[in-house]
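Inside the fold
Okay, here's what each chain looks like letter by letter:
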Amino acid sequence: MTNAEDDLRERVQKLLAGHDPQGDRMEFLRAQFDAGLAWVHFPAGLGGLDAPRTLQSVVDADLAAAGAPTNDPRRIGIGLGMAAPTIRTHGTEEQQHRWLRPLWTGDEVWCQLFSEPGAGSDLAALGTRAVPDGDHWIVNGQKVWTSQAHEARWAIVVTRTDPDVPKHKGMTYFVLDMKADGVEVRPLRQITGEAEFNEVFLTDVRIPDSQRLGAVGDGWAVAQTTLMNERVAIGGGAAPRESGVIAEVAKTWRTRPELRTPAAHDELMRLWVEAEATRLTGLRLRQQLAAGAPGPEGSAAKLAFARLNQEITSFELDLLGADGLRYDDWSSDTWRTERPTSVDFLGRSPGYRYLRAKGNSIEGGTSEILRNIIAERVLGLPGEIRVDKTVPWKDLPK
Amino acid sequence: MTDLLYSQDEELLRASVRDLLTARAPASAVLARTETDELYDPALWHALAADLGAAGLAVPEWAGGHGASWRETAIVAEELGRSLAATAFLGSTVLATAAGRSAGADDLVERLASGEVTAALAIPLSTVPGSGFPDTVRHSHETLTGTVRNVADARTADVLIVPALADDGPALYVVGAGAISRTAVVSLDLTRPLTDVTLESARADLIASGAEAVAAFDTALITGAAMLAAEQLGLAERCLEITVEHLLTRYQFGRQIGSYQALKHRMADLWAGVTQARAVARYAAGCVADADPDAAVAASLAQAYCSLVAVKAAEECVQLHGGIGFTWEHPAHLYLKRAKADAIAFGTASQHRARLAELVDLPAA
Ligand SMILES: Cc1cc2nc3c(=O)[nH]c(=O)nc-3n(C[C@H](O)[C@H](O)[C@H](O)COP(=O)(O)OP(=O)(O)OC[C@H]3O[C@@H](n4cnc5c(N)ncnc54)[C@H](O)[C@@H]3O)c2cc1C
């Protein structure tokens, strides 16, 4: 055990002594942040203590053992996984102090206003315009597929500030107040029946220049920080063997012998092997991150996870046969009002899992785009032939 | 949790092994040797096993080894998978050493660890971990009689470790090469030749019997499966590398063929598979190094996964090289032959899936 570890564990004990872990949840979380035990590798005053990132798990384990509340990371995944690292990398001191604390405690939920009807994989094609007006910007445009926009207090948003230069050059990145005038959020119903995501219409929304992240025209570089972290956030995860959807299938297999056939058995074991390989890949990725040597392996993990989730959930329906014909709830009356706060693969029916898994190869960059990235950035193969690199954004076919 | 990364020492070991193999066994030399009577290069073996100490890595110092572990041994296996140089590594350093250590055959293990002597474990290469103790060789009147087909690395072995059935059950014996007759098999895999071994009233020394013999046999197979996964990983990595190189240098329709998305995506998928194979193979090596109770699961998982990745990598290597990949001259076929033979060695992927099903309680019926 190292000194840094001893020191952190002592601080955890001090936090627990001063604040009842079974008491007010938000009060405890704020105290945890102020004690530097939120993300220990961040600087003091910003939820951390400049400690090695590896030691966070020590802190979390001690807090969990004491029954301390969590910040419900799944509910605030976009804030934790994407907004925070971007603010940390590109934000001013003042911006970091304003946003990181309530982001981490979950006082304020974040969403990601990147995709538009005309710009998904090709994010750099986006057309939401931001025009300067004194010390403000006036923003007009439409965003789409925005998860949690209906709960979010803040959004990270990429806009076009210069349509006359090639598309990668004319973008600027902001933090947007979702309560500002001119922000309209409409639920968008999805394949599973309910609405996790939304359409967001921005009409003459005023954003103070103090909410800009990075320089004017540097939006693409800032967005890269967000997207790199998105892939890590979606791919990673340390879970025990037989976690997630494979656990559901294994349970069905063990408890319902009447469903077993030799062909299904070999398929089950093929998927079990793939699931375990993907789990070990995630563990190895975590060990790399902990050792301070992150690699591109996160892309492999996300690619494998998406395919596997789809294959396992599809197999589960086949295995169930007649029961696979039934669905739990299309929410036809309530999809606008009763909105899920996080994706719960295991809390619902196999049909839901099968359908929701289809999103895994689309959200956070499609599997095709991921393959392009791996081929070009990891393997060094030539880029796609591009017709859009030197043309001013306004002249591109849309 | 098992460490799935490579340590600095392991990377140093890898670099020395790779330097040696690149200098002494380039692809052209490996191919040329497959058509001579001297497939195994004794000088290369000496440099690898004795000078670099590869043969003694998994043997403790008190037993005459270098006191490293199967984890480091796996690094050598990865490099041999990249190179395909024919050596007695799998038969002697992995199978015979694992069996000998488990059986407490300290004298033999010490000689194997020095690299001066090589041994083979007299079992068919396709033997699956968890399958019953072999019964094709019988012990009676102090001698062994029987035949074992498809034995790896027996061709030049000085000694054989032979599992046989004695009157009172399973037992392991050591037999000198002079006491057996060996018939060379025309093997699918040109760089790991197999041999049929026949024993006719061969004089044999007992090294373990009963439960100890069974344990030594099981340990050897699980260790073999884990080390083979490392070899498959190295092979897959090398095939991916060669193929990417070719995609960058070959032009068709006025473009590098690596600029075609259909091919880029195949390479990306292969890279993802290799990335996962690395985690799986490292886990298996770690488990056998630590004698972890999960070793049997880890080894079967590794075979069920890495076999498929290695075959896929070699198949992609052939296909994406086009006509050149179909020639004798290009090494792609050597990789394909090794990958396919490795996929059968110690059981096929589907046999390992069946074994895993038993180990993790997902019964077939
Ligand atoms: C559940 C869910 C949640 C989401 N949440 C958010 C969110 O919170 N915020 C946000 O900003 N966005 C969000 N998205 C949007 C997501 O990022 C986009 O849908 C995604 O990037 C794909 O863009 P697109 O829908 O425009 O499809 P397109 O880019 O039009 O792609 C259509 C098809 O073409 C393929 N394709 C496109 N370009 C290429 C190419 N160069 N080579 C090969 N194939 C190509 C794609 O892979 C895909 O199969 C979410 C999406 C889903 C499904």
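Residues numbered from 1 in each chain as written. Chains lettered and ligands numbered in written order. Predicted model: local features only at pLDDT ≥ 70, side-chain atom pairs only at ≥ 80, totals over all residues. Heavy atoms only, no water.

Regarding the domain arrangement of chain A
Residues and elements named next belong to chain A. Domain annotation for chain A reports domain 1 (3-105), domain 2 (110-217) and domain 3 (236-378). If you look at the interface, domain 2 gives 16 residues, while domain 3 gives 17 residues. Counting the contacts that link domain 2 with domain 3 gives 2 salt bridges. The salt bridge involving Arg-356 is made with Glu-196; its shortest N-O contact spans 2.7 Å. Counting every contact that joins domain 2 to domain 3 gives 8 residue pairs in polar contact (both at pLDDT 80 or more). Of all elements in the fold, only strand S6 (183-188) and strand S7 (197-208) reach the threshold of two or more residues within the side of domain 2 that touches domain 3. Considered class by class, the residues forming the side of domain 2 that touches domain 3 number 5 nonpolar, 7 polar and 4 charged. (Domains from an automatic or database assignment. Contact = heavy atoms within 4.5 Å. Salt bridge = Lys/Arg side-chain N within 4 Å of Asp/Glu carboxyl O. Polar contact = N/O pair within 3.5 Å; in protein donor to acceptor, adjacent residues only side chain to side chain. Helix = DSSP H or I, 4+ residues; strand = E, 2+ residues; numbered from the N terminus. Nonpolar A, V, L, I, M, F, W, Y, C, P; charged D, E, K, R; others polar.)

Looking at the environment of Thr-161 of chain A
All names here are of chain A. Position of Thr-161 among the secondary structure elements: in the loop between strand S4 (154-160) and strand S5 (171-177). When its relative accessible area of 15% is taken as the criterion, Thr-161 is described as buried. Spatially, the C-alpha atom of Thr-161 lies 9.5 Å from that of Trp-137, the residues being 24 residues apart in sequence. Residue contacts for Thr-161: discarding those within four places in its chain leaves Arg-129, Ala-130, Trp-137, Gly-170, Met-171, Thr-172, Val-216 and Gly-217. Within the structure, Thr-161 has its side chain in polar contact with the side chain of Thr-172 (distance 2.6 Å). (Buried < 20%, exposed > 50% of the residue type's maximum accessible area, 1.4 Å probe, protein only.)

Focus on the pairing of S4 of chain A
All names here are of chain A. Summarising burial for S4: 7 of the 7 residues are buried, a large majority. Side chains Trp-154, Ile-156, Val-158 and Arg-160 project from S4 onto one buried face, and the interleaved Ala-155, Val-157 and Thr-159 project onto a second face that is buried too. Summarising the sheet, strand S1 (residues 110-113) and S4 pair through 4 bridges and their orientation is parallel. Looking across to S4, one finds that Leu-113 is bridged to Val-157. (Pairing = 2+ DSSP bridges.)

Some details on the domain arrangement of chain B
Residue and element names in this part refer to chain B. Taken domain by domain, chain B consists of domain 1 (8-118), domain 2 (137-209) and domain 3 (214-359). A straight line from the C-alpha centre of domain 1 to that of domain 3 covers 20 Å. On the domain 3 side, the residues contacting the 25 residues of domain 1 number 30 residues. Summing both partners gives a buried area of about 2300 Å² for domain 1 against domain 3, and 67% of it is carried by carbon and sulfur. (Buried area = accessible area lost by both parts, 1.4 Å probe.)

Comments concerning the site of the ligand
Taken together, 17 residues lie near the ligand, and Gln-112, Ser-121, Trp-145, Thr-366 and Glu-368 of chain A sit nearest. Nearby residues around the ligand are contributed by chains A and B. Note that an oxygen atom of the ligand is positioned 2.7 Å from one of the side-chain N or O atoms of Thr-366 of chain A. Calculation on the ligand without its partners gives an accessible area of 980 Å², and the protein chains cover 69% of this total. Those elements giving two or more residues to the shell around the ligand turn out to be strand S3 (136-147) and helix H11 (367-378) of chain A. (Near = heavy atom within 4 Å. Areas by Shrake-Rupley, 256 points an atom, 1.4 Å probe, with all protein chains shown as cover.)

Here's the deal with the environment of Thr-348 of chain B
Residues and elements named next belong to chain B. The topology assignment puts Thr-348 in the loop between helix H10 (332-344) and helix H11 (349-359). In this structure Thr-348 comes out as partly exposed when scored by relative accessible area, which is 26%. For the pair Thr-348 and Asp-51, spaced 297 residues apart in the sequence, the C-alpha separation amounts to 35 Å.

Let's talk about unusual backbone geometry
All names here are of chain A. Even without being a glycine, Trp-145 presents a positive backbone phi close to 60 degrees. One can find Trp-145 in strand S3. Classification of Trp-145 by relative accessible area gives partly exposed; the value is 49%.

Section: the interface of chain B and chain A
Tallying the contact residues gives 44 residues for chain B and 44 residues for chain A. For the pair chain B and chain A, the two sides together bury roughly 3800 Å², of which 67% comes from carbon and sulfur. For the salt bridge of Asp-294 of chain B with Arg-241 of chain A, the shortest nitrogen-to-oxygen distance reads 2.7 Å. The tally of links from chain B across to chain A stands at 20 residue pairs in polar contact (both at pLDDT 80 or more). Elements that contribute at least two residues to the side of chain B that touches chain A include exactly helix H7 (211-249), strand S10 (255-256), helix H8 (261-289), helix H9 (295-320) and H11 of chain B. Among the elements that line the side of chain B that touches chain A, the one with the most residues is H8 of chain B, at 15 residues. A class-by-class count of the residues in the side of chain B that touches chain A yields 26 nonpolar, 9 polar and 9 charged.

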